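Fold and contact review
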Amino acid sequence: MNRWNSFVAIGDSFTEGLDDLWDDGSPRGWADRLAERLAAGRPGFTYANLAVRGKLLDQIVADQVPVAEEMRPDLISFCAGGNDIIGITSDPDDLAQRVDAATARLVATGADIVMFTGFDLRRMHMLLRRLRGRVATYNENLRAIADRHGCRIVDLWGMDVLADPRAWASDRLHLTPEAHERVALRALEVLGEPVPSDWRTPWPAAEALNWRARQADDIKWVREHVLPYASKRLRGLHTGDGYLPKRPTLSPYERSHPA
């Protein structure tokens, strides 16, 4: 039960916890949920979350990996590349080579490493479904990297419950609180920790939207999320500009966002 007494999470918005918020409006997400479960029964357990929304792989490697190396925790979660994959010219094989190098550095700290595949986009809008093959290629590379370095891997692609549109917030890029909870449960399972409930539990039955409602929802999504995001990227701006990690140091876990 005391194998992991310190946990550092590194990555982008997925790990920061966007669209899963504490009461004060700060991001929670699967990593905070996982830390809460790991802290139970482990006096002195410490947790840091270095993830920042919008960060590309190279930014995560430059800004977060050295901090994690310095902290020398027992457990590190490493999820990066999602913001690169959606880029027009991204190459999943090139990304994987850089992930491999970063993973080797993290493994060298002596920590146990848990990695994450990309999501299956089969039920998403056609603009996102076009990335499905690229994500699948990247995932196979990630599995090989995890195997080569002896890392655990959370297979998000294989979590069918996350293919349901109800797992996704209005921007269709970030998970809902319920979906973050399911990811935390899956991570606990991968780590061999006690799991309080089953992440596989089907979503409640819901009435499907008719064609007209789906089209209106898609148009709203493109107008409110896709176009502003594309405009930012074309101007060289990123979602995370000006943001800092929410938990920059290893500190005792508390069930709230630190001040």
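Residues numbered from 1 in each chain as written. Predicted model: local features only at pLDDT ≥ 70, side-chain atom pairs only at ≥ 80, totals over all residues. Heavy atoms only, no water.

1. Some words on the packing of aromatic side chains
Here the structure, examined in full by the defined rule, presents seven aromatic pairs. Where Tyr47 meets Tyr253, the ring centres are 6.0 Å apart and the plane angle is 50°; that geometry is what we call tilted. With Tyr47 in strand S2 (residues 46-49) and Tyr253 in the segment after strand S6 (247-252), this residue pair connects regions lying 206 residues apart in the sequence. Side by side, Tyr47 and Tyr253 carry an identical accessibility label, which is buried. Aromatic ring contacts, followed pair by pair, group Phe14, Trp30, Phe116, Phe119 and Trp168 into a single cluster. (Phe/Tyr/Trp six-rings, centres within 6.5 Å; stacked < 30°, edge-to-face > 60°. Helix = DSSP H or I, 4+ residues; strand = E, 2+ residues; numbered from the N terminus. Buried < 20%, exposed > 50% of the residue type's maximum accessible area, 1.4 Å probe, protein only.)

2. Side note on the nonpolar core
Buried together is how nonpolar side chains tend to be arranged in soluble globular proteins. Formed by 70 residues in total, the largest nonpolar core has its most connected members in Phe7 and Phe78. With eight residues, helix H9 (residues 177-191) is the largest single contributor of residues to this core. (Core = buried A, V, L, I, M, F, W, Y, C linked by side-chain atoms within 4.5 Å.)

3. Overview of unusual backbone geometry
Positive phi is not limited to glycine here, since Asp19 has a value of about 70°. Checked against the element boundaries, Asp19 lands in the loop between helix H1 (13-16) and helix H2 (29-39). Its identity as a non-glycine residue notwithstanding, Arg72 has a phi of 50°, on the positive side. Mapped onto the fold, Arg72 is located in the loop between helix H4 (65-71) and strand S3 (75-78). For Arg72, a relative accessible area of 52% corresponds to the exposed category.

4. A few points about the pattern of salt bridges
The full count for this structure, using the stated rule, is 23 salt bridges. With a shortest N-O distance of 3.2 Å, Glu36 and Arg28 are connected by a salt bridge. Judged by relative accessible area, Glu36 falls into the partly exposed class, the value being 23%. In this structure, the salt-bridge partner of Glu181 is Arg37, at a minimum N-O distance of 2.7 Å. Residue Glu181 is located in helix H9, and its partner Arg37 is located in helix H2; the two are separated by 144 residues in the primary sequence. We classify Arg37 as partly exposed; its relative accessible area is 26%. (Salt bridge = Lys/Arg side-chain N within 4 Å of Asp/Glu carboxyl O.)

5. Examining the state of the cysteines
What we call a disulfide is simply a covalent bond connecting the sulfur atoms of a pair of cysteines. This model, assessed by the stated rule, comprises zero disulfides. Cysteine Cys79 shares no disulfide, and the gap to the nearest cysteine sulfur, in Cys151, comes to 13 Å. Its relative accessible area of 12% is what places Cys79 among the buried residues. Exposure remark for Cys151: the relative accessible area of 12% places this residue in the buried category. (Disulfide = S-S within 2.5 Å.)

6. So, the pairing of S2
With burial as the criterion, each face of S2 is covered, one bearing Thr46 and Ala48 and the other bearing Tyr47 and Asn49. Here strand S1 (residues 6-10) runs beside S2; their pairing, made up of four bridges, is parallel. Residue Val8 lies in a different strand from S2, and its bridge partner there is Ala48. The pairing of S2 with S6 spans three bridges and is classified as antiparallel. For Tyr47, the partnering residue across the bridge sits in S6 and is Ser251. (Pairing = 2+ DSSP bridges.)

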